[in-house]
Amino acid sequence: MIFDDYKQLANILDTGYDITLTKGAALETPPEMQSVFFQGLSSLQLGSQTLGGNISLGHQYITIDSSKDPQVEIDKLSAAGGGIARIVSSATGIITLRSNLVIPAGIRLIGDVESSSIIDCGSAAWRIVINGNDVSLDNLTIRNSTSAAVSADGFDNIIVSNVTVSACDMGFDYANVDQITFENIVVSSPTTIGARLNNCSNVGVRDFAMTTPGTYGWHIIDSDSMTFAGISVVAPASGGMLISGSDSLTIFSGAVVNATGIGIECSASNTNIHIDDIVVNGSSSDGIKFTATTDRSFINKCTIINNGGYGINIAASTCDDNIISDIYYVSNTSGNINDAGTGTQIS
């Protein structure tokens with residue numbers, strides 16, 4: 001196959017091709033080619049030079065299996081300027097941690113297959129620690145930590161996609177992080193919280209499922225500018241989502257089912273919380289509760305059914321100027337809605 005420029009080449013990530021680049025013989029990588037890699041190409045021809053096998057253009061590319069110390073390999077990658085660290089599938093051995101796995105800036109940790117590229121924390125307090133900006137985790141299973149599976153404090157642009165977390169104390173524990181992406185995530189049976197975000201901003205969450213968290217599914221503290229789409233929390237032991245001190249959160253298209261406690265609780269000092277197209281079913285207490293000082297917020301087009309308290313409970317006069325509209329209620333034990341707020345609009 002022949003391509004006229006680097007951009008065309010960058011769009012081809014399939015394997016098994018002979019690729020010829022017709023413009024120039026230079027191996028120097030332009031900016032648009034950084035972090036692009038080709039695995040298993042039979043050859044890559046750049047001018048008069050031909051390369052084969054696993055090829056990294058721009059940043060480096062390494063492979064980690066059970067025979068290697070993952071921290072040593074990632075540190076080498078970081079020293080070379082960052083790049084892609086590939087975790088092979090468990091056919092060649094599970095990666096078992098014996099200390100925290102620290103991920104510096106500019107590293108993309110990528111598995112072959114989510115279900116079989118496994119990082120096992122050895123039923124100890126080891127975890128993945130994000131220690132720099134511009135870090136990605138993709139196609140991994142992380143399991144058996146008595147701590148959080150992944151933690152970060154004080155960095156920007158962290159992307160996690162196609163990751164399963166099982167049998168850990170917590171799924172994700174982030175503090176003071178700006179620019180966070182979660183996509184296609186499963187957190188199964190954390191001992192405590194599925195995900196805790198403290199003083200975080202500019203967060204995008206899509207397709208994130210939690211099952212049987214030991215306390216809360218989500219705990220959002222002093223954070224802002226977040227969008228949650230396609231989330232589900234099933235059978236949390238304390239509640240589906242607890243929000244405090246936060247501003248400008250949008251939660252839409254998801255479900256909280258069979259929570260012991262409140263489905264979604266805005267506890268205090270929140271503004272501009274939008275809850276839209278959410279199903280809250282079977283909570284032992286209220287479906288959605290604004291406990292105190294949650295102002296100028298919206299609950300719209302939600303299905304609130306089979307909850308042990310109120311469907312929606314605006315519980316305090318300090319909750320000001322909220323709007324509730326187009327709600328479908330069925331079988332909420334204490335009643336569909338309680339409004340003790342100030343200036344609430346209900347339609």
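That block above? That's the structure.
Residues numbered from 1 in each chain as written. Predicted model: local features only at pLDDT ≥ 70, side-chain atom pairs only at ≥ 80, totals over all residues. Heavy atoms only, no water.

### Describing the packing of aromatic side chains
The full count for this structure, using the stated rule, is eight aromatic pairs. On the numbers, 6.3 Å between centres and 80° between planes, the contact of Phe172 with Tyr174 is edge-to-face. Residue Phe172 is classed as buried on the basis of its relative accessible area, which comes to 0%. Accessibility expressed as a relative area gives 0% for Tyr174, which makes it buried. Both rings, one in Phe172 and one in Phe208, keep their centres 6.1 Å apart while their planes meet at 75°; by these two values the pair is edge-to-face. Placement of Phe172 in strand 15 (residues 170-175) and of Phe208 in strand 18 (residues 201-211) is noted, with a sequence separation of 36 residues between them. There is no split in this pair, since Phe172 and Phe208 are both buried. Ring-pair connections join several aromatic residues into one group, and the members of that group are Phe172, Tyr174, Phe182, Phe208, Trp218 and Phe228. (Phe/Tyr/Trp six-rings, centres within 6.5 Å; stacked < 30°, edge-to-face > 60°. Buried < 20%, exposed > 50% of the residue type's maximum accessible area, 1.4 Å probe, protein only. Helix = DSSP H or I, 4+ residues; strand = E, 2+ residues; numbered from the N terminus.)

### Structural notes on the side chain of Ser116
As for its placement among the helices and strands, Ser116 is situated in the loop between strand 9 (107-111) and strand 10 (118-124). If near-sequence neighbours (up to four positions away) are discounted, Ser116 is found in contact with Val88, Ser89 and Ser90. (Contact = heavy atoms within 4.5 Å.)

### Points about the sheet that holds strand 15
With parallel pairing, 11 strands are arranged side by side in an open sheet as 8-11-13-15-17-19-21-23-25-29-32. In this open sheet, the two edge strands, each paired with only one partner strand, are strand 8 (101-104) and strand 32 (335-339). Neighbour-to-neighbour, the strand axes of this sheet turn through a mean angle of 10°, independent of strand direction. Here strand 11 (residues 128-131) runs beside strand 13 (residues 148-153); their pairing, made up of three bridges, is parallel. By the bridge assignment for strand 13, Val129 is matched with Ser151. (Pairing = 2+ DSSP bridges. Axes fitted to C-alpha atoms, helices over the stretch in contact; angles between N-to-C directions.)

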